[in-house]
Amino acid sequence: MAVNIEAYNKILTELNSKATLVAVSKTKPVTDLQEFYDSGQRDFGENYVQELVDKELLLPKAIRWHFIGHLQSNKVKYIAPFVYLIHGVDSFNLLKEINKEAAKNNRVIDCLLQVHIAKEETKFGLDATELSEVMKESATLKNVHIAGLMGMASFSDDRTLVRKEFTELRSLYNQYSGFSILSMGMSGDYTIAMEEGSNMIRIGSLLFGERLYPAK
Ligand SMILES: *Cc1c(COP(=O)(O)O)cnc(C)c1O
C-alpha cells in the first residue's frame, strides 16, 4: 500500500508547528519511511526493538528514532546507542536500566513517563501517585532526562471521554516544572489531543495506511 503524502501535508498544516509529528512506522517497510524522509519527515516512531534496530541500520542517520512501544528492560541495550526519545517508560526499574545503558554510551537519554489515562484495564502506565514516586526516585539518575509525559486515550467513539482523558493528562503535565513534551494523540484522536494541549502526536495509519498484522 502506498504512503499518503497528501494526508501528511494536511496534518502538518493542521499542526501548524504547534506539535511535533512522530510518524509511526511499525510493521511498515523501509521504502515507506524513506518516502516520508524525502518529504522532510525526521521523527519516526517504532514499537518493536528488533524492527527498530534493523531499520536504523538501513535508513539515514539524520532520523530521530522514537521508541513508543512497551520496552522490556533486557532490550534497552540494543536501542540505547541511538534512540532519540523513549515514550512509554512506566516503572522506576525500567528507568534505572535506561540510565545504566545510557551511561555506557556516554549519553543522556530523553524519556517520557507513560500515564494510564484510559478507562480500559489493559493499557500500561502510571497513575498520579506512582508518577510522583517515580519523579522523586529518578532525581538520582544522571543519564536519563524525563522530558515529559505520554498517554493513550480510550479507543472509543465517545469524544467527550477521550477529551476528558487528555485534559487529565494535560493537568498532570502542568503540575511538573521542567517538562517540555506532552505526547498524546494518534490517528483517531489527534485533533482532540491538539485542542487539549498536546505538543507531540504519534500518527501511524493515516500516513502509512492500515497495518496488516496487529501491532500495539
Ligand atoms: C501504533 C501506535 C500509534 C499510532 O497509531 P495509529 O492509530 O495508527 O495512528 C501511536 N502511539 C502508540 C503508542 C502506538 O502503539
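Details of the structure are given in the entry above.
Residues numbered from 1 in each chain as written. Predicted model: local features only at pLDDT ≥ 70, side-chain atom pairs only at ≥ 80, totals over all residues. Heavy atoms only, no water.

Trainee: Explain the packing of aromatic side chains residue by residue, including any values.
Mentor: Scanning all chains against the criterion turns up 5 aromatic pairs. Grouping aromatic residues by their ring pairs yields a cluster made of Tyr8, Phe36 and Phe208. The side chain of arginine 64 reaches across the aromatic face of tyrosine 84, ending 5.8 Å from its centre. (Phe/Tyr/Trp six-rings, centres within 6.5 Å; stacked < 30°, edge-to-face > 60°. Lys NZ or Arg CZ within 6 Å of the ring centre and 35° of its normal.)

Trainee: How would you explain helix α5 (residues 92–104) if you had to name every residue and give the values?
Mentor: Taking 1.5 Å per residue, 13 residues should reach 18 Å; α5 reaches 19 Å between its end C-alpha atoms and fits that length. Listed as buried for α5 are Phe92, Leu94, Leu95, Glu97, Ile98, Asn99, Glu101 and Ala102. On the buried face of α5, the contacting elements are α4 (76–79), β4 (85–89), β5 (109–115), α6 (128–137) and β6 (144–151). Just downstream of α5, asparagine 106 is the residue with a positive phi angle, here 55°. (Helix = DSSP H or I, 4+ residues; strand = E, 2+ residues; numbered from the N terminus. Expected span 1.5 Å × (residues − 1). Buried < 20%, exposed > 50% of the residue type's maximum accessible area, 1.4 Å probe, protein only. Contact = heavy atoms within 4.5 Å.)

Trainee: Got a sec to walk through the side chain of asparagine 99? Specific residues and values, please.
Mentor: When you line up the elements, asparagine 99 lands in helix α5. Among the polar contacts listed, one links the side chain of asparagine 99 to the backbone nitrogen of lysine 142, at a separation of 3.3 Å. For asparagine 99, the residues in contact, after removing those within four places along its chain, are Leu141, Lys142, Asn143 and Val144. (Polar contact = N/O pair within 3.5 Å; in protein donor to acceptor, adjacent residues only side chain to side chain.)

Trainee: Run through the site of the ligand, naming residues and quoting values.
Mentor: Lining the immediate surroundings of the ligand are 14 residues, of which Lys26, Ser187, Gly204, Ser205 and Arg211 lie closest. Taking arginine 211, its side chain carries an N or O atom lying 2.8 Å from an oxygen atom of the ligand. Surface burial for the ligand is 94%, taken as the share of its 380 Å² of free accessible area covered by protein chains. Of the residues that constitute the shell around the ligand, the class distribution is 6 nonpolar, 4 polar and 4 charged. (Near = heavy atom within 4 Å. Areas by Shrake-Rupley, 256 points an atom, 1.4 Å probe, with all protein chains shown as cover. Nonpolar A, V, L, I, M, F, W, Y, C, P; charged D, E, K, R; others polar.)

Trainee: Lay out the pairing of strand β3 (residues 64–67) with the relevant residues and their values.
Mentor: Bridge count for strand β2 (residues 43–46) against β3 is 4 bridges, and the pairing is parallel. The residue bridging aspartate 43 from the neighbouring strand is arginine 64, located in β3. For the segment spanning β2, helix α3 (residues 49–58) and β3, crossover handedness is right-handed. By the bridge criterion, 2 bridges tie β3 to β4 in an arrangement that is parallel. Each bridged residue has a counterpart across the sheet, and for phenylalanine 67 the counterpart in β4 is isoleucine 86. (Pairing = 2+ DSSP bridges. Right-handed = clockwise from strand over helix to strand, strands pointing away.)

Trainee: Can you tell me about a negative patch on the surface, naming the residues and giving the values?
Mentor: Together, Asp127, Glu130, Glu133 and Glu137 line one region of the surface with negative charge. Along the chain, glutamate 130 falls in helix α6. Residue class for glutamate 130 comes out partly exposed when judged on its relative accessible area of 35%. (Patch = residues over 30% accessible without salt bridge, like charges linked within 9 Å, V, L, I, M, F, W, Y side chains within 5 Å. Salt bridge = Lys/Arg side-chain N within 4 Å of Asp/Glu carboxyl O. Lys, Arg positive; Asp, Glu negative; His and termini not counted. Charge placed at Lys NZ, Arg CZ, Asp CG, Glu CD.)

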